[in-house]
Structure formats: C-alpha cells, structure tokens
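Residue-level listing of the chains:
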Amino acid sequence: MSKILIIEDEEAIADLEKDYLELSGFEVAIANRGDTGLKIAMEEDVDLLILDLMLPEVDGFEICKQVRNCKNTPIIMVSAKRDDIDKIRGLGLGADDYMTKPFSPSELVARVKAHLERYNRLVRSGIPQNDVVEIRGIKIDKTARRVWVNGEETTFTTKEFDLLTFLAQNPNRVFTKEELFREIWDMESIGDIATVTVHIKKIREKIEFSTAKPQYIETIWGVGYRFKA
Ligand code: CA
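Attention in this report is confined to the structure presented alongside it. Bear in mind that the values here come from a model prediction, so they are computed numbers and not experimental data.

This paragraph deals with the packing of helix α6 (residues 158–169) against helix α7 (residues 177–184). Where α6 meets α7, the closest approach of the two axes is 10 Å, and the angle between their N-to-C directions is 120 degrees. With respect to each other, α6 and α7 are oriented oblique. The chirality of how α6 crosses α7 is right-handed. In this structure, α6 uses Lys159, Asp162, Leu163, Phe166 and Leu167 to contact α7, whose residues at the interface are Leu180, Glu183 and Ile184. Looking at the contact of α6 with α7 residue by residue, the classes come out as 5 nonpolar, no polar and 3 charged.

Take leucine 48: it is sitting in strand β3 (residues 48–52). Between the C-alpha atoms of leucine 48 and asparagine 72, which are 24 residues apart in sequence, the distance is 9.3 Å. Excluding residues within four positions of it along the chain, leucine 48 makes contact with Lys3, Ile4, Leu5, Thr73, Pro74, Ile76, Val112, His115 and Leu116.

Here the focus is the side chain of threonine 73. Assignment of secondary structure puts threonine 73 in the loop between α3 (60–70) and β4 (75–79). With a relative accessible area of 8%, threonine 73 lands in the buried category.

What describes two packed helices is the angle between their axes and the distance between those same axes. For the pair α6 and helix α8 (residues 194–207), the least separation of the axes is 10 Å and the interaxial angle reads 80 degrees. Considering the angle they form, α6 stands roughly perpendicular to α8. In contact with Lys159, Glu160, Leu163, Leu164 and Leu167 of α6, α8 contributes Val196, His199, Ile200, Lys202, Ile203, Lys206 and Ile207. By residue class, the composition of the contact of α6 with α8 is 7 nonpolar, 1 polar and 4 charged.

What follows concerns the packing of aromatic side chains. Considering all chains together, one arrives at 3 aromatic pairs under this definition. Pairing phenylalanine 166 with phenylalanine 175 gives two aromatic rings, centres 4.8 Å apart and planes at 55 degrees, and the pair type is tilted. With respect to burial, phenylalanine 166 and phenylalanine 175 carry one shared label: buried. Aromatic pair phenylalanine 181 and tryptophan 185: ring centres 5.5 Å apart, planes at 15 degrees, arrangement stacked. The burial state of phenylalanine 181 is the same as that of tryptophan 185; both residues are buried. One cation-aromatic arrangement involves lysine 139 over tryptophan 148; the distance from NZ or CZ to the ring centre is 4.8 Å. Between lysine 206 and the ring centre of phenylalanine 156, over which it is positioned, the NZ or CZ distance is 5.1 Å.

Reading guide: rules and limits
- Residues numbered from 1 in each chain as written.
- Predicted model: local features only at pLDDT ≥ 70, side-chain atom pairs only at ≥ 80, totals over all residues.
- Heavy atoms only, no water.
- Axes fitted to C-alpha atoms, helices over the stretch in contact; angles between N-to-C directions.
- Helix = DSSP H or I, 4+ residues; strand = E, 2+ residues; numbered from the N terminus.
- Parallel < 35°, antiparallel > 145°, perpendicular 65-115°, else oblique.
- Left-handed = near helix turned anticlockwise from the far one by under 90°.
- Contact = heavy atoms within 4.5 Å.
- Nonpolar A, V, L, I, M, F, W, Y, C, P; charged D, E, K, R; others polar.
- Buried < 20%, exposed > 50% of the residue type's maximum accessible area, 1.4 Å probe, protein only.
- Phe/Tyr/Trp six-rings, centres within 6.5 Å; stacked < 30°, edge-to-face > 60°.
- Lys NZ or Arg CZ within 6 Å of the ring centre and 35° of its normal.

What follows is the structure in structure tokens.
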C-alpha cells in the first residue's frame, strides 16, 4: 500500500484530502507543521508528498528543496495563490506537480495515482540506481561519492568519506580505533590510530548539530566508536 504524507496546516483541508485518499486505498499521515512534516518526509518511508506552501516553522519551499536533495519521492505542491505556484515553478525546486486551492479532492486523487504510477515505472525500468545509504537525515551516495546532511550537500575528503560510509553501513556496532584504522587505511599508510580520532572529529564537525553531544557517531569510552542508527 502506498504511503502518502500530507503536510498541511489547515486541518479541515488535510482531513478532507486524507479521507479521499484513504477511500482510494492509500495509507495517509498528516503533519500540521513544516518542521514535523520535514522530519517525517526525511526519515520515514514516504511514497508521495502533498505539500502546502505556507506552513508554520518551515515553509513548503524549504521542505521541497531539502527532500529533493535527498530523495526522489514525488511531490505535489499546493497553494492558495496562483502567483506562488508560478514562483515555485520558476525556482525549479523539483516538485512534480502543482495545484491551486481550492481543488476537488477527486482531482487530487487522480494526480496522486498518476504520479505514483509514473514513479513506479521509473523505479522498475531497470535504470541502475546509485548505491545509497540513508540514516536519519544523512544520505551517502556511494556510487557518486557524495554526501548530504539534512538536505545540504557536504564535502568530505576521501578518507573521511570512507570512514563515515563504513560506520554508517555498520550501524550500532562498536569499532575500536585499531579496527577502523585497519579498515580504512592500508597497512603501509603512514600514521597511527590517532589519525582515526582526527578524522572522526572532522566528520563530526560536518554532520553533528553539536560536536559536544554527537547524535550520530558516539564515543564508547575505552572501546571506540559507534554509528547510532
Ligand atoms: Ca497553509
């Protein structure tokens, strides 16, 4: 069953959309604020996003931008103002469709179905997908060697990238510095396990909100490091 997330602060509209979509067999969740909606869109498995433009905390422009940097989830943007729709199109944020309020719920359902079909065709078309690791707002494209942190592309050196990817691919496992050094640096490398500490520090500066209280790479005192999933 396809999962649809509605990010909409007008509860009556959100409920109406939800009712119609559920009647058509979709599983629907509602977020009434931009920040909570963005969090769900980034962290959970959502098949399609219905995104209002004007929202409390984080607006639809920003949500569209951040989601599109990380995911190919189809996005239908809705706004009460025709002008806004033209503006979003102009910005090229990567939304798949636009609707001006008020619209008929059956029109919305028809568009949702069309976008899901198109998306599923694309995914199943056999175009090779990049090898991607995604954990809580961090997206690592191993094929392209690119990293996004909460939607913002962030640059990493080769070894930082290798170390981050190795940890993120083995979440919740504790590795000693020696193990990480052996894994990422070959034996002939000049350096020692202090190199690992330096690289962890650099990675944290790029991915953690607060390096004093890391949310991703935890230090397990006396043992090593663990990437928390
Ligand atoms: Ca609104």
